[in-house]
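What follows is each chain in one-letter form.
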Amino acid sequence: MTAAAAPAAEVPGPEVPAGGRLLLKAGRIVARTAASVMLAAAVATFLFLAVGPSFLGYQTSIVLTGSMAPTISPGDVVVTVPSPVSSLKTGDVITYRIPVQDRRVETHRIVELTRDGDGSTTVRTKGDANNDADPWLATFEGSTVDVHAATVPYLGTAVQALREPAVLMALTYGVPGMLVFVMLARIWRKGPDAADESRNGADGAKTPAAG
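Residues numbered from 1 in each chain as written. Predicted model: local features only at pLDDT ≥ 70, side-chain atom pairs only at ≥ 80, totals over all residues. Heavy atoms only, no water.

Draft legend 1. Looking closely at the sheet that holds strand β2 (residues 77-84). Taken in spatial order, the seven strands make up an open sheet running β1-β2-β7-β3-β4-β5-β6, and their pairing is antiparallel. For this open sheet the edge positions go to β1 (59-62) and β6 (138-140), each flanked by a neighbour on one side alone. With direction set aside, neighbouring strand axes in the sheet form an average angle of 50°. Bridge analysis of strand β5 (residues 121-126) against β6 gives three bridges, and the strand direction is antiparallel. Bridging from a neighbouring strand, Thr122 pairs with Thr139 of β6. (Pairing = 2+ DSSP bridges. Helix = DSSP H or I, 4+ residues; strand = E, 2+ residues; numbered from the N terminus. Axes fitted to C-alpha atoms, helices over the stretch in contact; angles between N-to-C directions.)

As structure tokens, this is what we get:
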């Protein structure tokens, strides 16, 4: 008479307390959500600042000073569209290169406008927060000038922050770290579940009758 071999003993996997499982689940949700939001924001910002101007024709610039506050604040992104010089009027906010000093790009409001007989248009601008108008006159001889169309608050501040070494390091190592955490959490969660399934299978197994 030959006896059937006894089934091998199952080694139970590590038990995770209920509270620990909830914490792991919450951590996975937070990590996935944070990674998804960061990725979506980065893609949207890239498309808006780098791709959109090439296909839709608008221009963007980051405001560095408060000369147009509270209409436009430092750290905002100004969106401008090329408009015919002939359509300019007093009160329009334009982005242009000033004709003096370092010829920096300025975003100010037109407070005076003169059209000459030769077809050129001369304007004087002023920042909303400034007491006096700009000390120069700007003459536009081309066909278009960039006119303010929209303002995206705080986006410029976010873009500038992304250029900081500490933020770049956090993005470089933080996002991969969150992904690793998610993967490890999944592995840890599967351990007890797999052990439970093995135990259930062992309990339901039948031992062949002795012959």
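Draft legend 2. Representation of the nonpolar core in the model. Listed in full, the 12 residues of the largest apolar core are Val85, Leu88, Ile94, Tyr96, Ile98, Ile110, Val123, Trp136, Ala138, Phe140, Val145 and Val147. Breaking this core down by element, the ones donating at least two residues are β3 (93-97), β6 and β7 (144-152). Those residues in contact with Trp136, other than ones at most four positions away along the chain, are Tyr96, Ile98, Pro99, Val100, Arg104, Val123, Arg124 and Thr125. Counting residues in each nonpolar core, the second largest holds five residues, with Val63, Ile72, Val78 and Val93 among its members. (Core = buried A, V, L, I, M, F, W, Y, C linked by side-chain atoms within 4.5 Å. Buried < 20%, exposed > 50% of the residue type's maximum accessible area, 1.4 Å probe, protein only. Contact = heavy atoms within 4.5 Å.)

Draft legend 3. Spatial organisation of the pattern of salt bridges. For the structure shown, the criterion picks out five salt bridges. Salt-bridge contacts for Arg104 lead to Glu106; the nearest nitrogen and oxygen are separated by 3.1 Å. Under the relative-accessibility criterion, Arg104 is labelled partly exposed at 32%. Taking the shortest distance from any N to any O, the salt bridge between Arg109 and Asp128 comes out at 2.8 Å. Here Asp128 lies in the loop between β5 and β6 and Arg109 lies in strand β4 (residues 105-115), a separation of 19 residues in the sequence. A residue is classified by how much of its surface remains accessible, and Arg109, at 24% relative accessible area, is partly exposed. Connected through shared salt-bridge partners, Asp102, Arg104 and Glu106 make up one network. (Salt bridge = Lys/Arg side-chain N within 4 Å of Asp/Glu carboxyl O.)

Draft legend 4. Quick look at the side chain of His108. Assignment of secondary structure puts His108 in strand β4. On the basis of relative accessibility, which here comes to 2%, the residue His108 falls in the buried class. Within the structure, the side chain of His108 is placed 2.8 Å from the side chain of Asp134, a separation counted as a polar contact. Sequence-distant contacts of His108, that is, excluding residues within four places in its chain, are made with Ser67, Met68, Asp92, Val93, Ile94, Thr125, Lys126, Gly127, Asn130 and Asp134. (Polar contact = N/O pair within 3.5 Å; in protein donor to acceptor, adjacent residues only side chain to side chain.)

Draft legend 5. Inspection of the pairing of β2 at higher detail. Across four bridges, β1 lies against β2 in antiparallel orientation. The residue bridging Ser61 from the neighbouring strand is Val78, located in β2. Sheet topology note: the β2/β7 ladder contains eight bridges and is antiparallel. Bridge pairing in β7 links Ser83 to Val145.

Take it as geometry only, folks, not as evidence of what the structure does.
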